[in-house]
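The lines below spell out each chain.
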Amino acid sequence: MDSLSNGTATTITATPAAPTAPAPAPPSSRLVHLAESLKLEHQFLRVPFEHYKKTIRANHRVIEKEVSAVISGVSEAADSDVSNDEAVHHLSSLVSRLQGLKRKLEEGSRTENLQAHRCRARLDHLESADAENLVEWNNMRLKRILVDYMLRMSYYDTAAKLAESSNIQDLVDIDVFQEAKKVIDALQNKEVAPALVWCADNKSRLKKSKSKFEFQLRLQEFIELVRAENNLRAITYARKYLAPWGASHMKELQRVMATLAFRSNTECTTYKVLFEPKQWDFLVEQFKLEFCKLYGMTLEPLLNIYLQAGLSALKTPYCYEDDCTKEDPLSQDSFRKLAMPLPYSKQHHSKLVCYITKELMDTENPPQVLPNGYVYSAKALEEMAKKNSGKITCPRTGLVCNYSDLVKAYIS
């Protein structure tokens, strides 16, 4: 019984359809692989959601500030004894302020809608994952991982081009990293103002995580005043911005205040290090750390994490020997450096890998020994014999023998 749109009901008798063969179920191994893959997508959803919440909070603060100012202005106009012309002028300015607030709200609403659309796009992308299209879905994930790596390595233009050519702009966090780029560029140019603005915008979150980043920025700004020999300004700055941190960071505060006496040309190691250029590099790294924590990102690029997961299964003491085969990824210095903190792979049984096909030799593909003592897989020798009229040539020594004789010797 199916209800119609007007509330009545009708009985429909359907003709039995011809039985159809059920679609073959995907292999359980692929389903397990898919389920395990989706567990790694925490950052994929967390970053746009945190950015969305941040935008909502910022718009809410703007509304509260502007509305409070307008209400206060109306109250002042009602309580004050002014002429009609002055009252009209005052109210006109309030109207203009409300119109400006309206434009800000419209812009904020567009930003919120864009970020909500991005969150929805990512949810839809995860829902589209299926064992039938797992290869295509993994290819798209690989592109996402590459874009993430490029953004973390400051290759912003290349990351944007890859995202655009692959049509995955909603699945990557280019705008979030562009926000960080402004702060990083400023710190590399020895400017702390953009970083302090970022700290003010995220003050509650940084306070909740007990971050020292703002304090470190204030210390660096104080050091720059001392370097420029503006001692009076430095003291005034310390009273205004550093004194509130005294209860929790007294040792650091006492150390930096002593630079007023030692100055930038000191040879005392304790205070000389505070004036070195590497302090700015430390601030850049500290900002990246706080930025990742704020948005729930991994500290390492996703590409490094996935590569380390694979290298952990390949790393053995032999990989660091001089005669390590070139086919082993760990024969390359870059992979060795990436695998350095990883433990060695626990191998319960020895494995034989064919020199020719690079495939594992087992009962299905057994090893066979040539007269010169070299071992290759049966599959490789059989394919070689088919291509060379039953002849086998050892790729290492050049020895030539008949495949039929080898098979007879192997059977016997």
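Residues numbered from 1 in each chain as written. Predicted model: local features only at pLDDT ≥ 70, side-chain atom pairs only at ≥ 80, totals over all residues. Heavy atoms only, no water.

**Side note on the nonpolar core**
In step 1: Ranked by size, the top nonpolar core spans 39 residues in total, and within it Leu187, Trp198, Phe213, Leu217, Phe287, Phe291 and Met297 carry the most contacts.
In step 2: When contributions to this core are tallied by element, the ones reaching two or more residues are helix 2 (42-79), helix 4 (134-152), helix 5 (156-166), helix 6 (174-188), helix 7 (193-201), helix 9 (213-227) and helix 14 (278-295).
In step 3: Considering each element in turn, this core owes the most residues, eight residues, to helix 14.
In step 4: In this structure Trp198 touches Lys54, Glu179, Val183, Leu206, Phe213, Phe287, Glu290, Phe291 and Leu294, once residues within four positions along its chain are discounted.
In step 5: By size, the runner-up hydrophobic cluster in this structure holds 18 residues, among which are Phe215, Leu242, Trp245 and Leu260. (Core = buried A, V, L, I, M, F, W, Y, C linked by side-chain atoms within 4.5 Å. Buried < 20%, exposed > 50% of the residue type's maximum accessible area, 1.4 Å probe, protein only. Helix = DSSP H or I, 4+ residues; strand = E, 2+ residues; numbered from the N terminus. Contact = heavy atoms within 4.5 Å.)

**Some remarks on a nonpolar patch on the surface**
In step 1: On the surface, a cluster of nonpolar side chains totalling about 290 Å² of accessible area is made up of Ile63, Val67, Ile71 and Leu105.
In step 2: Here the nonpolar patch takes three residues from helix 2, the largest share from any one element.
In step 3: Checked against the element boundaries, Ile63 lands in helix 2.
In step 4: Its relative accessible area of 31% is what places Ile63 among the partly exposed residues. (Patch = residues over 30% accessible without salt bridge, like charges linked within 9 Å, V, L, I, M, F, W, Y side chains within 5 Å. Areas by Shrake-Rupley, 256 points an atom, 1.4 Å probe, with all protein chains shown as cover. Salt bridge = Lys/Arg side-chain N within 4 Å of Asp/Glu carboxyl O.)

**Things to note about the side chain of Thr55**
In step 1: Its place among the elements puts Thr55 in helix 2.
In step 2: On the basis of relative accessible area, Thr55 is assigned to the buried category, the value being 11%.
In step 3: Within the structure, the side chain of Thr55 is placed 3.0 Å from the backbone oxygen of His51, a separation counted as a polar contact.
In step 4: Apart from residues lying up to four places away in sequence, Thr55 is in contact with Thr111, Glu112 and Gln115. (Polar contact = N/O pair within 3.5 Å; in protein donor to acceptor, adjacent residues only side chain to side chain.)

**Examining helix 2**
In step 1: With 38 residues, helix 2 should cover 56 Å at 1.5 Å per step; its first-to-last C-alpha distance of 55 Å lies within 8% of that length.
In step 2: Within helix 2 the residues assigned to the buried category are Gln43, Phe44, Val47, Pro48, Glu50, His51, Lys54, Thr55, Asn59, Glu66, Val70 and Gly73. (Expected span 1.5 Å × (residues − 1).)

**Side note on the side chain of Gln279**
In step 1: As for its position among the elements, Gln279 is in helix 14.
In step 2: Looking at Gln279, its side chain comes within polar contact range of the main-chain oxygen of Val273, at 3.1 Å.
In step 3: Each residue touching Gln279, except ones within four places of it in the same chain, is listed here: Gln220, Val273 and Leu274.

**Thoughts on the packing of aromatic side chains**
In step 1: Scanning the entire structure with this criterion turns up nine aromatic pairs.
In step 2: A centroid spacing of 5.0 Å and a plane angle of 75° characterise the contact between Trp198 and Phe287, whose relative ring orientation is edge-to-face. Taken as a pair, Trp198 in helix 7 and Phe287 in helix 14 lie far apart in primary sequence, 89 residues in all. Neither residue differs from the other here; Trp198 and Phe287 are each classed as buried. (Phe/Tyr/Trp six-rings, centres within 6.5 Å; stacked < 30°, edge-to-face > 60°.)

**A few points about helix 5**
In step 1: Those residues of helix 5 that fall on the buried side of the exposure criterion are Tyr156, Ala159, Leu162, Ala163 and Ser166. Seen from one end, helix 5 has its buried residues packed into an arc of 130°, which puts them on one side. Along helix 5, the residues that are exposed and aim more than 90 degrees away from the buried face are Asp157, Lys161, Glu164 and Ser165.
In step 2: Where helix 5 is buried, its residues contact helix 4 and helix 6.
In step 3: Positive phi appears at Asn167, one or two residues downstream of helix 5, with a value of about 55°. (Arc of directions from axis to C-beta.)

**So, the pattern of salt bridges**
Two side chains with opposite charge may pair up if their charged atoms get near one another.
In step 1: Considering all chains together, one arrives at 23 salt bridges under this definition.
In step 2: A salt bridge links Arg46 to Glu50; its shortest N-O distance comes to 2.8 Å. Of this pair, Arg46 and Glu50 both sit in helix 2, four residues apart, roughly one helical turn.
In step 3: Classification of Glu50 as buried rests on a relative accessible area of 5%.
In step 4: Residue Arg97 is joined to Glu66 by a salt bridge in which the shortest nitrogen-to-oxygen separation is 2.8 Å. Residue Arg97 is located in helix 3 (residues 84-127), and its partner Glu66 is located in helix 2; the two are separated by 31 residues in the primary sequence.
In step 5: A relative accessible area of 10% means that Glu66 is categorised as buried.
In step 6: Linked by salt bridges that have partners in common, Arg46, Glu50, Lys53 and Arg205 make up one network.

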